[in-house]
Amino acid sequence: MTKLPEFDLDPAAKSFRKDVRQWLRENWVDSRKAEHEKLPFKDRGFDRDFARALGAKGWIGAGWPKSEGGLALSPVEQLVLTEEMEYAQAPYGHIVASTMVAPALIKFGTAEQKAAYLPRIRSGEIAFALGYSEPEAGSDLASLKTRAVRENGGWRINGQKMWSTMADKADHLWLAARTDPDAKPQHAGISVFIIPMGTEGFTIRPSLAMYGKTFSELYFDDAWVPDSALVGEVNKGWAIITSALAAERVTIGGTVALLQRALDQLTNYVATAEVGGRSLRDDPVILDRLGGLAADIEAARQLALRNIRLAAMGRTPIHEASMAKVFVAELQGRLGEASLDILGSSGLLSEDAPNAPVGEMEQILRHTIMQILGGGASEIQRNIIATHGIGLPR
């Protein structure tokens, strides 16, 4: 298979990449992957047995401090782990818990919360979904309206959330709710809660998204949780949310490995396919298109690596993470469109169609919509780049 050259990383990261690849061959590619791919597309990406195996290896807590049971791997090594997992199409359904929830609990959680959740997250026993976006509060999360009111030693919650990925499979919800409706500015009155799935008054309604995966609408109708569900201080949830969102945007920006895999598949098809007796690999227009996409993917990899290196220096990427997210999301669209131009109408065939030349390209194109909107729409990301990166006025 033709592939882009790997990052020229430090010796420790290079050695770790070899270890991850060998482990994946033994625990995924040669054993579980074929069975997993027999599942409907909407059910892939989540496998509790695989998560437990990954947890036993210690890699779910790869970046956590050793004091919390983690391996304290460097950010670059964490990038290597993410790249290899995604390129191998391994189920990474624990990622919200391991990269967003756990670091927030380590920083803001009580001793009781850490003891209750961190070991089970690290072992792959439990998964989390996010309860952030609402019908009128998507990218503008600070305008959320779901309410949490103190009552009887706990909190009474009412409201609605939307576009929650994996909520139908997770064990707990990481919920952002308004606890002070009169706070100015708006984000000053938000708190974060851990809501167990199955809580009375909490309803999950899964739907099928255009890109073939499941997302859920979440309804809270007088749901009650105890005080122990509150993470951090009351009305101080925005700091928790923004730290977690920064981690999410770095993760979204680092999904370049999926696009690299898709381009590798497309390139290999071009290398062997013939149309009208002429080899596609001899078409200079197609080669130019593939070369441009390869250059774009390398640029996306460099943006992702820069975010990781900033994190290694102790700095949280803000506009840098937004730059990576916008570039990767729009690159995914360009890759999908290029596949249609090269493959023609057969590029619209899904992977289960018998004559699909590169079945996953159809998924790449449909998934672009979620990439552009998920984790903050591209318009919002450009505002972040303008204000935080360039210093333009609001």
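Residues numbered from 1 in each chain as written. Predicted model: local features only at pLDDT ≥ 70, side-chain atom pairs only at ≥ 80, totals over all residues. Heavy atoms only, no water.

Draft legend 1. Quick peek at the packing of helix H8 (residues 256–272) against helix H10 (residues 319–343). Two elements in contact, H8 and H10, have axes separated by 11 Å at closest approach and are oriented at 15°. The orientation of H8 with respect to H10, classified from their angle, is roughly parallel. In terms of crossing hand, the pair formed by H8 and H10 is left-handed. Residue-level inspection shows Val256, Leu259, Ala262, Leu263, Leu266, Tyr269 and Val270 of H8 in contact with H10, the latter providing Val328, Leu331, Gln332, Leu335, Ser339, Ile342 and Leu343. Split by residue class, the contact of H8 with H10 holds twelve nonpolar, two polar and no charged. (Axes fitted to C-alpha atoms, helices over the stretch in contact; angles between N-to-C directions. Helix = DSSP H or I, 4+ residues; strand = E, 2+ residues; numbered from the N terminus. Parallel < 35°, antiparallel > 145°, perpendicular 65-115°, else oblique. Left-handed = near helix turned anticlockwise from the far one by under 90°. Contact = heavy atoms within 4.5 Å. Nonpolar A, V, L, I, M, F, W, Y, C, P; charged D, E, K, R; others polar.)

Draft legend 2. Seen up close, empty space enclosed by the protein. If you walk through the whole model with that rule in mind, you get two cavities of 30 Å³ or more. Taken as a whole, the largest cavity encloses approximately 80 Å³ of empty space. For the largest cavity, the full set of lining residues is Phe46, Asp47, Arg48, Ala51, Pro91, Tyr92, Gly93, His94, Gly124, Ile126 and Ala127. Taken together, the residues of the lining of the largest cavity sort by class into six nonpolar, three polar and two charged. (1 Å grid on protein atoms, 1.4 Å probe; cavity = no way out; pocket = protein on both sides within 12 Å on 5 of 7 lines; lining within 4 Å. Points joined across faces, edges and corners; volume = space filled by probe spheres on them.)

Draft legend 3. Focus on a nonpolar patch on the surface. Together, Met210, Ile369 and Leu373 make up an exposed nonpolar region whose accessible area comes to about 320 Å². Along the chain, the position of Met210 falls in the loop between strand S6 (202–208) and strand S7 (214–226). Residue class for Met210 comes out exposed when judged on its relative accessible area of 59%. (Patch = residues over 30% accessible without salt bridge, like charges linked within 9 Å, V, L, I, M, F, W, Y side chains within 5 Å. Areas by Shrake-Rupley, 256 points an atom, 1.4 Å probe, with all protein chains shown as cover. Salt bridge = Lys/Arg side-chain N within 4 Å of Asp/Glu carboxyl O. Buried < 20%, exposed > 50% of the residue type's maximum accessible area, 1.4 Å probe, protein only.)

Draft legend 4. Main features of the nonpolar core. Grouped together as the largest cluster of nonpolar side chains are 52 residues, with contacts concentrated most on Leu24, Met85, Ile121, Phe128 and Trp174. The biggest single contributor to this core is helix H5 (residues 95–108), with nine residues. Here Ile121 is in contact with Ile60, Trp64, Ala97, Ser98, Val101, Ala102, Ile126 and Phe128, once residues within four sequence places are set aside. If you look at the next biggest cluster of nonpolar residues, it comprises 23 residues, including Leu259, Val328, Leu335 and Ile342. (Core = buried A, V, L, I, M, F, W, Y, C linked by side-chain atoms within 4.5 Å.)

Draft legend 5. Layout of the environment of Leu290. Relative to the assigned elements, Leu290 resides in helix H9 (residues 284–312). On the basis of relative accessibility, which here comes to 9%, the residue Leu290 falls in the buried class. Residues Leu290 and Leu263, 27 residues apart in the sequence, show an inter-C-alpha distance of 8.0 Å. With residues near it in sequence (within four places) discarded, Leu290 still touches Leu263, Leu266, Thr267, Val270 and Ile342.

Draft legend 6. Expanded view of the packing of aromatic side chains. Enumeration according to the criterion identifies eight aromatic pairs in this entry. Measuring from ring centre to ring centre gives 6.0 Å for Tyr117 and Phe128, while their planes differ by 75°; the resulting arrangement is edge-to-face. Highlighted residues: Tyr117 in helix H6 (residues 111–122) and Phe128 in strand S1 (residues 128–131), separated in sequence by eleven residues. Phe128 sits in the buried class, given a relative accessible area of 1%. (Phe/Tyr/Trp six-rings, centres within 6.5 Å; stacked < 30°, edge-to-face > 60°.)

The analysis is restricted to geometry; functional conclusions fall outside its scope.
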